[in-house]
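# Report on the structure
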Amino acid sequence: MTDDAAPDRRSPGPVPDLRASDADRERVAEILRDGLAEGRLDMAEFEERLDAAYRARTYGELAPLTSDLPAAAPPASFTKRPVDDGSWASRIVGGEGTSTGAVAVLSGFQRKGRWTVPKKFTCFAFMGGGEIDLREAFFADREVEISCVAVMGGLEVIVPPGVEVVVRGIGIMGGFEHPDRDEPGDPGAPRVIISGFAFWGGVGVERKLTRAERQRLKELRRQERLDRREARQELRRGRREDRGR
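Position labels on residues start from 1 in each chain and follow its written sequence. Totals for whole chains, interfaces and linings use every residue, but because this is a predicted model, local features are given only for residues with pLDDT of at least 70 and side-chain atom pairs only at 80 or more, for both listing and counting. With hydrogens and water excluded, all non-hydrogen atoms of the structure serve as input to the side-chain values.

Ranked by internal contacts, the top residues of the largest apolar core, which has 29 residues, are Ile-132, Leu-134, Ile-146 and Ile-194. Segments assigned H or I by DSSP are reported as helices when at least four residues long, segments assigned E as strands when at least two residues long, and all are numbered from the N terminus. Mapped by element, the contributors of at least two residues to this core are β1 (101–105), β4 (120–126), β7 (143–151), β8 (154–159), β12 (191–199) and β13 (202–207). If you tally residues by element for this core, the top one is β7, at four residues. Contact criterion: two residues are considered in contact whenever any of their non-hydrogen atoms come within 4.5 Å of each other. Beyond its immediate stretch of four places on either side in the chain, Ile-194 contacts Ile-146, Cys-148, Val-157, Val-165, Val-166, Val-167, Arg-168, Gly-169, Phe-176, Val-203 and Val-205. Formed by 14 residues, the second largest nonpolar core is a distinct cluster that contains Ala-29, Leu-32, Leu-41 and Leu-65. In this text, buried Ala, Val, Leu, Ile, Met, Phe, Trp, Tyr and Cys residues form a nonpolar core when linked through side-chain atoms within 4.5 Å. Buried means the residue's accessible area, taken with a 1.4 Å probe over protein chains only, is under 20% of the maximum for its type, while exposed means over 50%, and partly exposed covers the values in between.

Here it is in structure tokens:
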């Protein structure tokens with residue numbers, strides 16, 4: 001193949017004419033909400049851009065909406081995605097991270113799916129809530145910190161089995177929940193430090209499998225039941241053949 005061959009639409013470079021997904025539009029909406037909370041956008045600009053984000057059909061329409069916001073991450077298909085081969089090493093990818101923080105004031109936020117956790121992620125919830133889901137995430141470093149501040153609100157950190165979790169938060173008429181604080185991490189797995197404080201609020205940590213992993217285990221258990229049933233039937237057939245001889 002020569003160098004002037006037609007470009008592959010699946011390549012990691014920009015593809016402005018590629019159709020955007022609902023998840024891409026929601027990622028842009030989260031960046032705009034952060035811009036509003038930080039005072040980078042006024043309410044009129046925020047509402048105009050948010051409306052444009054939800055009406056956008058392609059990446060080319062989404063990209064300009066966050067191009068002037070610092071630390072804004074472009075939709076995932078604009079950049080080269082890390083390749084997860086199932087090992088922990090493949091999920092520690094370096095870099096700056098997809099998002100450095102989130103704010104929920106009388107509202108909520110989510111960080112989930114295939115995103116890169118920075119070395120330090122800061123989140124704040126005031127009379128609101130947030131969810132930081134690390135089950136499918138990549139990590140900018142072997143050790144990352146999630147700083148959580150919950151004031152009359154709640155924050156939940158979801159981690160996959162195998163990730164080491166260290167909780168250093170303080171609860172003042174609130175709490176930091178860590179149900180399995182003694183569970184060791186897998187060799188080579190990321191270490192997640194959860195710090196901050198909760199005032200009349202709470203920060204919780206929970207281990208969950210991804211939906212795909214739950215489905216895989218469900219199918220595995222189903223296959224094991226079928227194998228046991230087949231083994232019992234084979235044993236009964238063998239016994240009948242022995243009695244008939």
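All right, on to the pairing of β12 then. In this description, strands pair whenever DSSP reports at least two bridges between them. Where β7 and β12 come together, nine bridges link them in parallel fashion. Among the inter-strand pairings, Glu-145 is bridged to a residue of β12, identified as Ile-193. Sheet analysis places strand β9 (residues 164–167) next to β12, joined by four bridges and oriented parallel. From the neighbouring strand, Val-166 faces β12, where its bridge partner is Ile-193.

Any helix carries an expected span of 1.5 Å times its number of residues minus one. For helix α1 (residues 22–37), built from 16 residues, the straight-helix expectation of 22 Å at 1.5 Å per residue is met to within 8% by its first-to-last C-alpha distance of 22 Å. Residues Asp-24, Arg-25, Val-28, Ala-29, Glu-30, Ile-31, Leu-32, Asp-34 and Gly-35 constitute the buried set of α1. Looking at the packing, one finds that the buried side of α1 touches α2 (43–55), α3 (59–62), β1 and β2 (108–111). Gly-39 sits one or two residues past α1 and shows a positive phi near 80°.

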